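Analysis of the macromolecular model
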Amino acid sequence: MYRRSSSFSSITELFRPNNPRRLRSRDLSSTRLNALKKEIETNTHLIPLKDLYTRLGTDPIKGLTSAAAVDLLEYYGPNTLTPTSHFQWPKMLLKCLFTGFSILIWFGAILCLLSYAIESSMKARPSTDNLYLGCVLIAVDIICGLFSFFQNFKSTKILKTFNNMIPMSTKCIRDGVWNAEMPVTNLVKGDIVHVKAGDVIPADIRIIESKGFKVDISSLTGESRAVTRSNTEGTTNILESQNVAFFSTQCVEGWALGVVLCCGDLTALGRVAGLAARLQPAPSPLCREISRFMWYMSMWALGLGVFIAASSFILGYPFIQSTIFVIGIIVANIPEGLQPTITASLTLTAQRMVKKNCLVKNLEAIEALGAVTIICSDKTGTLTKNKMCVRDIWTWNRKYSVLDLDFEDNLKNDKALQALKTCGALCSTATIDENGEIHGDASETAILTFLCAYNDPATVRQNYPKIVEIPFNSTNKYQVSVHQDKNMSRYVVVMKGAPECILTRCNTVVVANNNANITNEIKESVNKAIEDLATTGERVLAFADLILDPKIFPKNYEFDTEDVNFPLDGLRFIGITGLKDPPREEVKNAIERVRTAGVRVMMVTGDHPATARAVAQEVGIATTPTCHVVTGNDLRNMTPDLLYLTLEKHYEIVFARTSPTQKLQIVEACQRRGGVVAVTGDGVNDAPALRRADIGISMGITGSQVSKQTADIILMDDNFATIVIGIEEGRKIFDNLKKSVCYILISNVPEILPVLMFILFSIPLPLGVMTILCVDLGTDMWPAVSLSYESAEADVMSRPPRQGDGLVSARMLYLVYGHLGLIEFAAGMYAYFTVMAEHGFYPSDLFGIRQRWDNEAVTDVRDSLGQEWTYEERKELERACQATYFVAVVVTQIMNGIICKTRFNSIFDVGMKNKVLNLGLIFELLLACILCYVPVLNDFFYTYPLRLQWWFLAVPFVLLLLGFDEFRKFCIRNWLFDGWYNRLTYY
């Protein structure tokens with residue numbers, strides 16, 4: 001059918017409900033996403049209405065026929081926003097369970113179960129250690145995965161919040177009959193609809209006829225004031241065209257008759273929703289770091305596995321036994337406590353940030369905020385208050401600032417200001433309810449709010465009741481009303497509007513408390529004042545009045561607004577006001593701090609370029625008047641490479657009059673430059689950029705539900721300065737996570753090397769699987785998590801964002817595996833050999849004894865003193881040795897917890913102020929006691945009630961750890977040995 005084709009028919013076909021192209025679900029979603037990223041290309045708002053009716057097959061008087069509407073509804077689908085997939089949450093659950101470090105843990109769990117299965121096939125009574133470890137690893141993965149899933153699942157409900165913006169019904173005509181309760185979902189292209197004040201626009205419509213029709217489009221464009229829409233000539237960019245009203249925006253004044261151009265997914269709102277729902281957020285820096293670390297650990301573990309396999313083959317072990325050894329060494333390399341430690345640390349940080357008015361929805365966003373290099377900030381509601389107010393007033397040859405201390409005194413003595421107060425109170429459509437609240441569009445409300453501070457507009461209105469009014473329209477660009485002056489028994493005409501229009505209608509001006517004729521000199525002064533206010537980003541309105549002659553306009557005179565019978569020229573020019581959405585007081589200082597931290601701040605707004613530039617200068621984003629401004633039209637003509645070069649060339653840059661897709665392009669261009677991008681916003685138009693950014697930040701008070709749903713972080717106080725706190729917390733948590741990871745990896749060394757000793761030197765196993773589990777998921781957990789409570793370093797907000805500084809670096813691994821971990825391993829082996837020697841097995845006699853030691857049939861193993869040991873006695877001694885080794889690891893880990901508090905300064909300078917860590921170290925020791933002495937637990941975890949003196953075997957190594965680390969940090973601070981320690985161990 002002809003009416004189904006249009007200038008954007010190709011994209012229309014993509015969004016048909018029955019998938020006519022028969023694309024796979026993934027391909028269809030990707031194709032739709034690429035289509036939505038493009039700017040809207042259509043001429044339906046440019047062609048004459050008569051041609052549009054023909055194209056849509058409709059009639060402006062009778063509307064569509066019911067049959068045609070049914071046909072179109074079936075073909076294109078309902079007027080609603082369709083979800084991207086019906087299986088989003090299962091995909092997200094699987095992604096949370098099988099991503100990043102969890103893959104390595106799953107691999108370890110499978111290997112543990114495989115090892116148990118192999119051992120079960122070989123022995124009648126196999127050890128259950130690997131079975132328990134496999135089950136624990138699975139439980140850890142599931143718990144952490146589910147926690148991540150519930151944190152992120154809320155973000156999948158983006159389309160639901162968009163659909164909440166859609167009205168339920170509208171007034172529509174079909175077959176020449178009006179239906180005031182037409183379901184909005186049944187609307188199709190070509191329907192004729194009627195909207196009035198208070199209604200939500202049911203689709204993208206082109207205006208046929210209107211009267212005083214104003215629409216609040218701030219959600220789509222960022223403009224903080226209602227705009228007039230009427231049957232005028234359109235502009236190339238449909239989003240700026242004054243003859244189109246958009247789906248989900250609200251009519252705040254007047255009424256309009258319009259023809260539906262687009263429905264559902266193809267409306268301006270639908271495109272934004274489709275982008276926000278289909279875009280995949282960029283992986284966070286922490287996610288990338290963990291993936292990189294997982295890769296390194298996997299390669300290291302597999303390398304060790306190959307080494308053990310080759311060694312076992314050379315030493316003559318059977319294939320099955322060699323397989324068990326390889327599995328054991330790979331599992332020993334997995335730091336099981338790392339994932340829960342990171343999750344717990346981020347969760348606790350998120351709870352602390354809530355107290356600072358920063359609600360974190362995505363845990364990884366905390367750390368990402370610390371790595372941010374660019375902030376793309378929206379203007380309205382983020383940098384500004386999203387509340388218009390009067391900032392400046394100009395009367396003949398004098399400018400007043402409302403913020404001046406002497407303004408109120410000037411108000412009493414200036415005749416022009418007195419007249420402006422009266423004119424402003426009368427020439428206004430804003431109303432004051434019985435509770436004193438003001439209702440109306442942003443500009444009207446701002447003027448009336450200003451007057452309430454110095455006058456009582458309600459009293460003025462009682463003394464000057466309104467007789468007739470001509471509302472503001474885009475053609476005349478003024479609003480005029482006639483009022484009766486009760487005190488003087490005469491009529492007064494008051495006018496407000498665009499200064500250039502008002503000035504041409506005036507003959508006189510208030511000068512020095514008198515009236516004077518307007519001369520060319522006065523006109524030049526007025527025009528200069530208008531230009532000065534406009535360049536500061538203020539919206540300028542002029543006021544004029546005229547006292548009507550009672551002889552010509554006697555009492556009960558019939559005023560006519562259709563065929564105007566009262567003067568609209570020859571007025572008295574009173575003055576002009578400059579209205580502005582003022583910046584938040586705290587923003588300028590916050591931007592200064594952010595810049596000190598090396599973070600670049602750019603403004604990306606849908607507002608006017610002059611307004612954007614002025615606000616940028618006021619808040620400190622632009623430090624020079626020559627700040628580079630790029631408009632939406634400029635962006636349309638830019639290639640991706642040219643945008644990339646523009647971002648390279650201009651450090652201070654403001655993007656104005658941008659559409660939602662252009663905001664997205666800017667974010668992606670910044671990311672291509674290698675930046676970690678944070679986007680702030682509060683409107684629907686910010687949703688795609690919030691979704692694609694590394695960190696999406698929404699406003700909690702003024703933010704729309706859509707922006708809150710899409711964002712990773714919500715500023716509950718709408719305070720841009722809270723971002724500074726977030727950056728500081730993000731940098732602090734990254735520094736502290738490095739300390740936690742270092743602490744966890746140190747204990748990995750004394751867990752791996754005993755297994756190597758067991759395999760290569762054939763000694764009884766110094767540390768069992770269950771005691772390894774006690775360390776990783778028991779004693780180490782609290783101290784590791786409590787390191788996240790360490791205070792931020794002094795230079796945390798004065799250093800640039802990290803680049804190439806990984807969570808786990810080669811320096812950290814060298815310190816862990818080449819220094820601290822080896823000392824801890826030495827402490828464990830010393831304790832192990834000491835207990836063995838006390839019972840008769842000297843170290844030299846332990847090498848090569850493992851095969852007879854583990855053989856149940858051998859009951860006469862002789863020690864160094866000639867004593868014979870049965871299998872049960874040997875295993876009891878093995879338990880005691882493993883428990884002693886475990887305690888040695890715990891005791892040295894307590895010192896390592898203290899060491900890891902600081903990477904640079906001496907522990908004696910920093911002190912032990914972290915009470916959570918102090919309690920954690922005490923808890924670590926108490927838990928070790930419980931595991932060793934509680935009967936049921938020591939049987940399950942294969943520990944043993946130790947003699948008192950065995951607890952002190954690791955003390956010399958504790959002192960060695962402290963002395964070595966203090967010496968190392970002293971060398972780092974003073975750059976000794978030509979910076980050798982700095983280059984190798986300062987992580």
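Residues numbered from 1 in each chain as written. Predicted model: local features only at pLDDT ≥ 70, side-chain atom pairs only at ≥ 80, totals over all residues. Heavy atoms only, no water.

Here the focus is the overall build of the protein. Of the regular secondary structure elements, the protein holds 40 helices and 28 strands. Each principal axis of the C-alpha distribution contributes one length, and for the protein these read about 135 × 70 × 50 Å. Here the protein, with 987 residues, has 57% of them falling under the buried criterion. Counted over contacts in the protein with a minimum sequence separation of 6, partners at least 24 positions apart contribute 73%. Entry remark: accessible area of the protein is about 40900 Å², with carbon and sulfur atoms responsible for 57%. Counting 97 positive and 100 negative side-chain charges, the protein places the centres of these two groups 3 Å from one another. (Helix = DSSP H or I, 4+ residues; strand = E, 2+ residues; numbered from the N terminus. Buried < 20%, exposed > 50% of the residue type's maximum accessible area, 1.4 Å probe, protein only. Contact = heavy atoms within 4.5 Å. Areas by Shrake-Rupley, 256 points an atom, 1.4 Å probe, with all protein chains shown as cover. Lys, Arg positive; Asp, Glu negative; His and termini not counted. Charge placed at Lys NZ, Arg CZ, Asp CG, Glu CD.)

Before going further, it helps to spend a moment on unusual backbone geometry. In this structure, Asp-175 is a non-glycine residue whose phi angle is positive, near 55 degrees. Its place among the elements puts Asp-175 in the loop between β1 (169-174) and β2 (177-183). Of note in this structure, Ser-762 is not a glycine but carries a positive phi near 55 degrees. By the secondary structure assignment, Ser-762 is in the loop between α29 (749-760) and α30 (769-779).

Bringing the sheet that holds strand β8 (residues 358-360) into the picture now. The strand order β8-β26-β25-β24-β9-β21-β23-β22 describes an open sheet built from 8 strands, whose pairing is mixed. With partners counted over all chains shown, the strands left at the sheet margins are β8 and β22 (628-631), one partner each. Averaged over neighbouring strand pairs, the angle between their axes works out to 20 degrees when direction is ignored. As defined by bridge partners, β22 adjoins strand β23 (residues 653-656) across 4 bridges and the pair is classed as parallel. Bridge pairing in β23 links Val-630 to Phe-655. (Pairing = 2+ DSSP bridges. Axes fitted to C-alpha atoms, helices over the stretch in contact; angles between N-to-C directions.)

Moving on, we come to the pattern of salt bridges. In total, this model carries 35 salt bridges according to the counting rule given. Between Asp-199 and Lys-196 there is a salt bridge; the shortest N-O distance is 3.7 Å. On the accessibility criterion, Asp-199 (23% relative accessible area) is partly exposed. For Lys-196, a relative accessible area of 46% puts it in the partly exposed group. When the shortest N-O distance is used, the salt bridge between Glu-585 and Lys-385 registers 2.8 Å. In this pair, Glu-585 is assigned in the loop between β20 (571-580) and α21 (587-596) and Lys-385 in the loop between β9 (374-377) and β10 (389-395), connecting sequence segments 200 residues apart. Each of Arg-850, Asp-854, Lys-875 and Glu-878 takes part in one network of salt bridges that share partners. (Salt bridge = Lys/Arg side-chain N within 4 Å of Asp/Glu carboxyl O.)

Taken as a whole and judged by the stated rule, the model has 24 aromatic pairs. For the ring pair Phe-559 and Phe-566, a centre distance of 5.7 Å and an interplane angle of 70 degrees mean the geometry is edge-to-face. Under the relative-accessibility criterion, Phe-559 is labelled buried at 10%. An aromatic cluster of at least three residues, connected via ring pairs, comprises Tyr-491, Phe-553, Tyr-557, Phe-559 and Phe-566. The aromatic ring of Phe-734 is capped on one face by Arg-802, whose charged end is 3.5 Å from the ring centroid. (Phe/Tyr/Trp six-rings, centres within 6.5 Å; stacked < 30°, edge-to-face > 60°. Lys NZ or Arg CZ within 6 Å of the ring centre and 35° of its normal.)

Here the focus is the layout of surface pockets. Space inside the second largest pocket adds up to approximately 1500 Å³. Lining the second largest pocket we find 49 residues, and of these Glu-119, Lys-123, Ser-127, Asp-854 and Lys-875 sit closest to its centre. Within the residue set of the lining of the second largest pocket, elements represented by two or more residues are α6 (101-122), α7 (129-153), α12 (319-332), α29, α30, α34 (850-853), α35 (871-899) and α38 (935-940). Looking at side-chain class alone, the lining of the second largest pocket contains 25 nonpolar, 12 polar and 12 charged residues. (1 Å grid on protein atoms, 1.4 Å probe; cavity = no way out; pocket = protein on both sides within 12 Å on 5 of 7 lines; lining within 4 Å. Points joined across faces, edges and corners; volume = space filled by probe spheres on them. Nonpolar A, V, L, I, M, F, W, Y, C, P; charged D, E, K, R; others polar.)

Those residues of helix α3 (residues 49-56) not exposed but buried are Leu-49, Leu-52, Tyr-53, Arg-55 and Leu-56. The arc that holds the buried residues of α3, viewed along the axis, is 165 degrees, so those residues lie on one side. When the buried face of α3 is taken as reference, the exposed residues oriented beyond 90 degrees from it are Lys-50 and Thr-54. Two residues or fewer past α3, Gly-57 is found with a positive phi of approximately 65 degrees. (Arc of directions from axis to C-beta.)

All of the buried residues in helix α24 (residues 640-649) are Leu-643, Thr-646 and Leu-647. All buried residues of α24 project into a common sector of 95 degrees when viewed along the axis, lining one side. Facing away from the buried surface of α24 by more than 90 degrees, the exposed residues are Asp-641, Leu-645 and Lys-649. Each element contacted by the buried residues of α24 is listed here: β21 (600-604), β22, α23 (632-636), β23 and α25 (660-672).

Together, Asp-404, Asp-406, Glu-408 and Asp-409 line one region of the surface with negative charge. Relative to the helices and strands, Asp-409 is located in helix α15 (residues 407-413). (Patch = residues over 30% accessible without salt bridge, like charges linked within 9 Å, V, L, I, M, F, W, Y side chains within 5 Å.)

Our focus in this paragraph is the pairing of β23. Neither face of β23 is left uncovered, since the one carrying Ile-653 and Phe-655 and the one carrying Val-654 and Ala-656 both have all their residues buried. For β21 and β23, the ladder comprises 2 bridges, and the chain directions are parallel. The partner of Met-603 across the bridge, within β23, is Val-654.

A few words now on the confidence of the model for the protein. Across the protein, the average pLDDT comes to 86, with 94% of residues at 70 or higher. Confidence drops under pLDDT 50 across residues 1-9; counting only partners more than four residues distant or on other chains, this segment forms 26 contacts. (pLDDT = per-residue confidence, 0-100.)

Attention now moves to the packing of α35 against helix α37 (residues 915-933). If you want to describe how two helices pack, look at the angle between their axes and the distance between the axes. Relative orientation of the contacting elements α35 and α37 amounts to 180 degrees, with a least axis distance of 10 Å. Taken together, the axes of α35 and α37 lie roughly antiparallel to each other. Here α35 contributes Phe-886, Val-887, Val-890, Gln-893, Ile-894, Gly-897 and Ile-898 to the contact with α37, which in turn contributes Leu-917, Leu-921, Glu-924, Leu-925, Ala-928, Leu-931 and Cys-932. Here the contact of α35 with α37 is composed, by residue class, of 11 nonpolar, 2 polar and 1 charged. (Parallel < 35°, antiparallel > 145°, perpendicular 65-115°, else oblique.)

Attention now moves to a nonpolar patch on the surface. Taken together, the side chains of Tyr-814, Phe-967, Phe-970, Leu-976, Phe-977 and Trp-980 define a hydrophobic patch exposed on the protein surface, amounting to about 560 Å² of accessible area. Relative to the elements of secondary structure, Phe-977 occurs in the loop between α39 (955-974) and α40 (980-985). In this structure Phe-977 comes out as exposed when scored by relative accessible area, which is 53%.

What follows concerns the side chain of Thr-892. Its place among the elements puts Thr-892 in helix α35. The buried category is assigned to Thr-892, whose relative accessible area is 0%. At a separation of 3.5 Å, a polar atom in the side chain of Thr-892 contacts the side chain of Glu-824. Ignoring any residue separated from it by four or fewer positions in sequence, one finds Thr-892 in contact with Glu-824, Ala-827, Ala-954, Phe-957, Val-958 and Leu-961. (Polar contact = N/O pair within 3.5 Å; in protein donor to acceptor, adjacent residues only side chain to side chain.)

Here the focus is the environment of Met-182. Secondary-structure assignment places Met-182 in strand β2. For Met-182, a relative accessible area of 7% puts it in the buried group. Aside from chain neighbours lying at most four places away, what touches Met-182 is Met-168, Ser-169, Thr-170, Cys-172, Arg-174 and Leu-187.

This part takes up the state of the cysteines. A complete count under the given rule lists 0 disulfides for this structure. Cys-932 takes part in no disulfide bond, and the closest cysteine sulfur to it belongs to Cys-929, at a distance of 7.1 Å. (Disulfide = S-S within 2.5 Å.)

What follows is about the side chain of Lys-214. With respect to the helices, strands and loops of the structure, Lys-214 is situated in strand β4 (residues 204-216). When near neighbours in sequence (up to four residues on either side) are disregarded, Lys-214 contacts Ala-226, Val-227, Thr-228, Gln-250, Cys-251, Val-252, Glu-253, Asp-441 and Phe-472.

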